[in-house]
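# A look at the structure
Below, each chain spelled out in residue letters.
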Amino acid sequence: MIALRQKNNSFEFVVTIAIVIAIGMWCGPALAAAAPGEPKPVVPSPSMFVVITHAGIVYAIAIVISVLTAVLIKGMNFVMAARAGNGTE
Amino acid sequence: MDTFFQIFQGIGTFVDSTALGMLARLSLLLLGGVLVYLGKKGTLEPLLMIPMGLGMIAVNAGMLYLDPLSAERSERAPAAIVSVDGVVEPVRVKGNMLVEPLVKDNDNLMHFMGLDFLQPIYTFTFSNGLIACLVFLGIGVLLDVGFVLARPFESMFLALCAELGTIVTFPIAVCIFGMDYGEAASVSMIGGADGPMVMFTTLKLAPHLFVPITVVGYLYLGLTYGGYPYMMKLLVPKSIRITKTAKKPIRDISSGEKLAFAVIACGALCLLFPMAAPLFLSLFLGVAVRESELTSFVKLIEGTILYCATLFLGLMLGVLCSADVIFDPVVLKLLVLGITALVLSGIGGIGGGYVLYFIKRRKYNPMIGIAAVSCVPTTAKVVQKMVQADAPGEIVLPEALGASISGVITSAILCGVYVALVPIFQHVVK
């Protein structure tokens with residue numbers, strides 16, 4: 001919800017990117033510095049197929065619910081239009 | 001000299017740091033200043049950036065050595081070390097008097113609650129997602145769902161397309177960046193371009209990354225205004241940008257219809273995703289208050305509550321940006337994944353716009369699609385501005401707002417799906 005104000009786009013874009021790059025440039029060395037000393041827990045990563053399937057399931061459920069929401073709205077539109085006696089969109 | 005550093009502990013802790021630590025604090029002090037400056041200039045949203053920048057400055061400047069009792073209760077460092085001659089000496093643990101976000105133990109939490117002035121705000125509004133819900137309540141009051149009710153299928157279709165980043169970033173984060181499912185889902189939500197949703201998902205699925213993901217998320221939301229116009233120019237040739245969108249007569253949507261929609265949608269979504277019920281309730285309560293014309297509540301929510309939540313959101317995000325918390329190597333991954341999510345969502349939105357452009361026989365401006373990347377009403381205003389620049393007099397704001405508000409709803413749905421399914425997926429994968 002927080003957004004840049006409607007002033008010149010290029011400046012805002014450059015400033016935001018500059019801040020991001022500055023943080024990124026810092027994190028790079030931090031990453032390198034942290035790498036040798038810190039033991040990283042080995043977590044078995046699921047296969048790409050499984051992960052993509054899981055993402056697909058998430059999207060499929062979101063699609064079904066969104067479509068049902070749209071159907072609900074359309075149904076309400078028809079009911080209200082019928083009651084008011086005029087047409088829908 | 002030791003006495004000097006004991007008296008002025010902000011300087012003492014600075015000198016007592018490694019070169020990397022000093023650089024981190026200095027950079028964050030400067031970044032805080034830059035945020036305040038850009039907020040004052042109006043380049044970045046001042047309501048958020050001024051408290052955030054000042055908080056960032058205060059937390060990184062005001063570092064001190066905690067007293068022995070607090071040091072012992074601080075969960076970020078060992079309580080004691082053994083010195084060379086065998087005598088156990090307490091470690092001088094660095095901290096601040098603002099907030100201690102890493103404390104989990106109840107006794108320790110109560111100790112810091114009486115010590116750090118922002119600890120109660122963090123514990124009672126941040127760590128349980130209340131602040132996200134309050135902001136969402138405010139968003140609900142500002143939303144006119146009539147724009148969605150007027151074009152439900154079109155708006156929802158665009159919103160689903162514009163969730164491309166929220167979906168595609170998830171496998172990228174897991175398979176390429178080695179994140180776990182909770183972390184991947186949280187950072188993917190940046191593609192929905194809604195701060196409260198990013199916060200809520202992160203609190204539920206990856207609370208240890210709450211600060212960096214939220215900070216990166218809010219920083220990137222600025223790109224929707226700064227960067228999306230470039231994306232529109234890149235992906236939509238001028239000959240198509242000037243397309244005039246066919247207007248059909250739309251009947252007036254009564255406040256009763258909008259209220260009925262809010263009630264049914266809230267009930268149904270809470271029934272399906274109880275884990276995300278706080279978000280749905282907050283959003284639709286806002287809508288219901290607006291449509292019930294409860295003017296006293298509307299004034300309270302859109303004025304006092306929303307501004308109060310925004311003030312403390314900014315302030316908390318700032319004070320949580322202490323050098324040791326924000327400069328974590330994982331932030332680099334979040335920076336890459338956050339921009340990936342937002343770019344993909346923008347591409348998805350424009351892709352959806354193109355589909356409607358062809359379905360409606362070239363009488364639909366595909367740029368409207370990018371408005372579905374939520375971030376209401378910013379993206380809708382961006383689209384209107386861009387369309388007006390190429391086709392003066394053309395008004396697409398109603399269509400864009402419909403898509404944008406649908407984006408909020410689909411983002412909330414995806415948040416609910418992720419929060420409900422990720423623990424199950426994690427269990428299956430193990």
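## A short note on the overall build of chain B
When helices and strands are tallied, chain B shows 23 helices and four strands. Compactness check: chain B gives a C-alpha radius of gyration of 24 Å against a globular reference of 22 Å for 430 residues, within 12% of the reference. Its C-alpha atoms give chain B principal-axis dimensions of roughly 85 × 45 × 40 Å. Across the 430 residues that make up chain B, the buried fraction comes to 57%. Within chain B, counting contacts between residues at least 6 apart in sequence, those at least 24 apart form 72% of the total.

## Let's talk about the packing of helix 11 (residues 164-176) of chain B against helix 21 (residues 330-359) of chain B
Residues and elements named next belong to chain B. Contact geometry for helix 11 and helix 21: axes closest at 7 Å, N-to-C directions at 140 degrees. Judged on the interaxial angle alone, helix 21 and helix 11 are oblique. Taken as a pair, helix 11 and helix 21 cross one another with a handedness that is right-handed. In this structure, helix 11 uses L164, G165, T166, V168, T169, I172 and A173 to contact helix 21, whose residues at the interface are L337, T340, A341, L342, V343, L344, S345, I347 and G348. Taken together, the residues of the contact of helix 11 with helix 21 sort by class into ten nonpolar, six polar and no charged.

## Digging into the nonpolar core
All names here are of chain B. Grouped together as the largest cluster of nonpolar side chains are 151 residues, with contacts concentrated most on V383, A412 and C415. Here the element with the most residues in this core is helix 23 (residues 397-429); it accounts for 16 residues. Residues within four places of V383 in sequence aside, it is in contact with M367, I368, I370, A371, V396 and A400.

## Points about unusual backbone geometry
All names here are of chain B. Phi is positive for A193, close to 55 degrees, though the residue is something other than glycine. By the element assignment, A193 lies in the loop between helix 12 (181-188) and helix 13 (195-205). In this structure, R362 is a non-glycine residue whose phi angle is positive, near 60 degrees. Summarising the element assignment, R362 is placed in the loop between helix 21 and helix 22 (378-390).

## Focus: helix 10 (residues 152-161) of chain B
In terms of residue burial, helix 10 of chain B counts as a mostly covered element, since nine of its ten residues are buried. Within the span of helix 10 of chain B, buried status applies to P152, E154, S155, M156, F157, L158, A159, L160 and C161 of chain B. Here the buried face of helix 10 of chain B lies against helix 2 (48-84) of chain A together with helix 9 (146-150), helix 11, helix 21 and helix 23 of chain B.

## Some thoughts on the confidence of the model for chain B
Scored by pLDDT, chain B has a mean of 87; 95% of the residues are at 70 or more. Across the assembled chains, the prediction reports ipTM 0.84 with pTM 0.83.

## Quick look at the environment of A184 of chain B
Residue and element names in this part refer to chain B. As for its position among the elements, A184 is in helix 12. A sequence separation of 194 residues divides A184 from T378, and the C-alpha atoms of the two residues are 26 Å apart. In this view, A184 contacts F170, A173, V174 and M179; residues no more than four positions away in its chain are not counted.

## Structural notes on the confidence of the model for chain A
Atomic detail in the predicted coordinates should be set aside for any region of low pLDDT. Residues at a pLDDT of 70 or more form 53% of chain A, whose mean pLDDT is 72. Low confidence marks residues 1-6 of chain A, where pLDDT is under 50. Its contacts with residues over four positions away, or in another chain, come to 28 contacts.

## What to know about the packing of helix 3 (residues 19-41) of chain B against helix 4 (residues 46-61) of chain B
All names here are of chain B. At a minimum axis separation of 8 Å, helix 3 and helix 4 run at an interaxial angle of 155 degrees. Regarding the angle of helix 3 to helix 4, the classification is roughly antiparallel. The element helix 3 and its partner helix 4 pack so that their crossing is left-handed. Side by side, helix 3 and helix 4 meet where R25, L28, L29, L31, G32, G33, L35, V36, L38, G39 and K40 of the first sit next to P46, M49, I50, M52, G53, L54, M56, I57, N60 and A61 of the second. A breakdown of the residues in the contact of helix 3 with helix 4 according to their chemical character gives 14 nonpolar, five polar and two charged.

## So, the environment of V355 of chain B
With respect to the secondary-structure elements, V355 of chain B resides in helix 21. Along the chain, V355 of chain B and G393 of chain B lie 38 residues apart, while their C-alpha atoms are 24 Å from each other.

The rules behind these values
Residues numbered from 1 in each chain as written. Chains lettered and ligands numbered in written order. Predicted model: local features only at pLDDT ≥ 70, side-chain atom pairs only at ≥ 80, totals over all residues. Helix = DSSP H or I, 4+ residues; strand = E, 2+ residues; numbered from the N terminus. Rg over C-alpha atoms; globule rule 2.2 N^0.38 Å. Buried ≥ 20, exposed ≤ 12 C-beta atoms within 10 Å, placed from the backbone. Contact = placed C-beta atoms within 7 Å. Axes fitted to C-alpha atoms, helices over the stretch in contact; angles between N-to-C directions. Parallel < 35°, antiparallel > 145°, perpendicular 65-115°, else oblique. Left-handed = near helix turned anticlockwise from the far one by under 90°. Nonpolar A, V, L, I, M, F, W, Y, C, P; charged D, E, K, R; others polar. Core = buried A, V, L, I, M, F, W, Y, C linked by C-beta atoms within 7 Å. pLDDT = per-residue confidence, 0-100.

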